[in-house]
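Examination of the molecular architecture
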Amino acid sequence: MNTNPQVHAMIVAAGRGSRFGASIAKQYLPIAGQTLLQHSVARLASSAYIEQCLLVIAANDSTAQTLDFAMPIQYTTGGAERWQSVFAGLEAIVAAGAEDSDLILIHDAARPAVPRSDIDHVIEAAMLEPYGAILATPVVDTLKQSQSSPVPDANNDEQHYAARTIDRTDMWQAQTPQVFRVSQLRQVLAYVAMHQLSITDEASAFEYLALPIRLVSGSRQNIKLTYADDATLIAAILDSQR
Ligand SMILES: Nc1ccn([C@@H]2O[C@H](COP(=O)(O)OP(=O)(O)OP(=O)(O)O)[C@@H](O)[C@H]2O)c(=O)n1
Ligand SMILES: C[C@](O)(CO)[C@H](O)COP(=O)(O)O
């Protein structure tokens, strides 16, 4: 196994940010002096393993190429689903000459506060794995599963009720970066496409094929900007990391 492979980095930034709900795409939200995307690129650039980055952007994105980034950037167009954006980025990296045994690192543009040490840890873990490794954090809250049908209240808003508590032992929340071997990721994403599976992270595709992906415990500061009120939290985290 190649334990000293080249690392090819991509950031997926082709989403619509529908849950964020703002007029501006969340990857271009200005926080602590630059956009979320620029922060995320700068974090990857801080790792000695990463010297350039592919940005996967929406077909109608007219913002990314007006920005300055902390390292050389290439671009490709994403897809309707996140995994399709990852697949498009993977094919672009393969077309640029990546070797089968190289590593491909996938990071969400929406996760600008990932510590450099976590980036290095997940890369170093993946170097020792046949398939890959991802950052994740153990679930610390009590997990509730709601009843399948919410009950409308007097204002016809949905009210959710707890149906059961899910045992949180051995439960993790996946983050990014997620790091895989190029050839294996191509194979599992082709499987996802062929079987029209719905996945929200690339590790899920490996799980469908019972291929082990290492969980690397990461910082709880590596949150994903999803809803509007995440912006205040991320701004505070970025400020604390200066
Ligand atoms: N078709 C997609 C969907 C998502 N992403 C990227 O994947 C990351 C994580 O996805 P998410 O937080 O869900 O972003 P959005 O899909 O934009 O948000 P929403 O689901 O609320 O629309 C983001 O950086 C987003 O830009 C992508 O590149 N292509
Ligand atoms: C990849 C990810 O960030 C891991 O938690 C998450 O699955 C992205 O999900 P989203 O619904 O595309 O934000």
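- Naming follows an unreviewed UniProt entry, where the chain appears as 2-C-methyl-D-erythritol 4-phosphate cytidylyltransferase of Psychrobacter urativorans.
- As its UniProt record puts it under Catalytic activity (unreviewed entry), the chain is described as follows: "2-C-methyl-D-erythritol 4-phosphate + CTP + H(+) = 4-CDP-2-C-methyl-D-erythritol + diphosphate".
- In the Function (unreviewed entry) part of its UniProt record, the chain is described as follows: "Catalyzes the formation of 4-diphosphocytidyl-2-C-methyl-D-erythritol from CTP and 2-C-methyl-D-erythritol 4-phosphate (MEP)."

Considerations on the pattern of salt bridges
- Under the counting rule described, the total for this entry stands at 7 salt bridges.
- In this structure, Asp-108 engages Arg-111 in a salt bridge whose closest nitrogen and oxygen atoms are separated by 3.1 Å. Comparing Asp-108 with Arg-111, the two get one shared label, buried.

Quick notes on helix α4 (residues 182-194)
- A rise of 1.5 Å per residue sets the reference length of α4, with its 13 residues, at 18 Å; its end C-alpha atoms lie 18 Å apart and thus fit the reference within 8%.
- Buried residues in α4 make contact with α2 (82-95), β6 (103-108), β12 (172-181) and α5 (202-208).
- The positive-phi residue at the C-terminal boundary of α4 is Gln-196, with phi of around 50 degrees.

Details of the site of ligand 2
- Around ligand 2 lies a shell formed by Arg-19, Arg-82, Asp-108, Arg-111, Ala-174, Thr-176, Thr-200, Asp-201 and Lys-224.
- Ala-174 is positioned with one of its backbone polar atoms (N or O) 2.7 Å from an oxygen atom of ligand 2.
- Protein chains bury 77% of the 350 Å² of accessible surface belonging to ligand 2 in isolation.
- When grouped by side-chain class, the residues that make up the shell around ligand 2 number 1 nonpolar, 2 polar and 6 charged.

As for the nonpolar core
- Core analysis: the biggest nonpolar cluster contains 31 residues, and Leu-37, Leu-44, Ile-50, Leu-55 and Leu-105 have the highest contact counts within it.
- Top contributing element to this core by residue count: helix α3 (residues 116-127), with 6 residues.
- Leaving out residues up to four positions away in the same chain, Leu-44 has contacts with Ala-9, Ile-11, Ile-50, Cys-53, Met-71, Leu-105, His-107, Ile-119 and Pro-177.

Observations regarding the sheet that holds strand β13 (residues 214-217)
- With mixed pairing, the 7 strands of this open sheet are ordered in space as β5-β4-β1-β6-β12-β7-β13. Bordering the open sheet on either side are β5 (73-77) and β13, each of which pairs with just one other strand. The mean angle between the axes of side-by-side strands here comes to 30 degrees, regardless of whether they run parallel or antiparallel.
- Lying over the sheet, helix α1 (residues 36-45) contacts β1 (7-13), β4 (53-57), β5, β6 and β12, oriented at roughly 165 degrees with respect to β1.

A closer look at the site of ligand 1
- Near ligand 1 there are 18 residues, and of these Gly-17, Ser-18, Arg-19, Lys-26 and Ser-85 occur at the shortest range.
- Arg-16 has a polar backbone atom sitting 3.1 Å from an oxygen atom of ligand 1.
- Elements with a contribution of two residues or more to the shell around ligand 1: β1 and α2.
- Looking at side-chain class alone, the shell around ligand 1 contains 6 nonpolar, 5 polar and 7 charged residues.

Calculation rules
Residues numbered from 1 in each chain as written. Chains lettered and ligands numbered in written order. Predicted model: local features only at pLDDT ≥ 70, side-chain atom pairs only at ≥ 80, totals over all residues. Heavy atoms only, no water. UniProt positions renumbered as here; feature names shortened; annotations may be inferred. Salt bridge = Lys/Arg side-chain N within 4 Å of Asp/Glu carboxyl O. Buried < 20%, exposed > 50% of the residue type's maximum accessible area, 1.4 Å probe, protein only. Helix = DSSP H or I, 4+ residues; strand = E, 2+ residues; numbered from the N terminus. Expected span 1.5 Å × (residues − 1). Contact = heavy atoms within 4.5 Å. Near = heavy atom within 4 Å. Polar contact = N/O pair within 3.5 Å; in protein donor to acceptor, adjacent residues only side chain to side chain. Areas by Shrake-Rupley, 256 points an atom, 1.4 Å probe, with all protein chains shown as cover. Nonpolar A, V, L, I, M, F, W, Y, C, P; charged D, E, K, R; others polar. Core = buried A, V, L, I, M, F, W, Y, C linked by side-chain atoms within 4.5 Å. Pairing = 2+ DSSP bridges. Axes fitted to C-alpha atoms, helices over the stretch in contact; angles between N-to-C directions.

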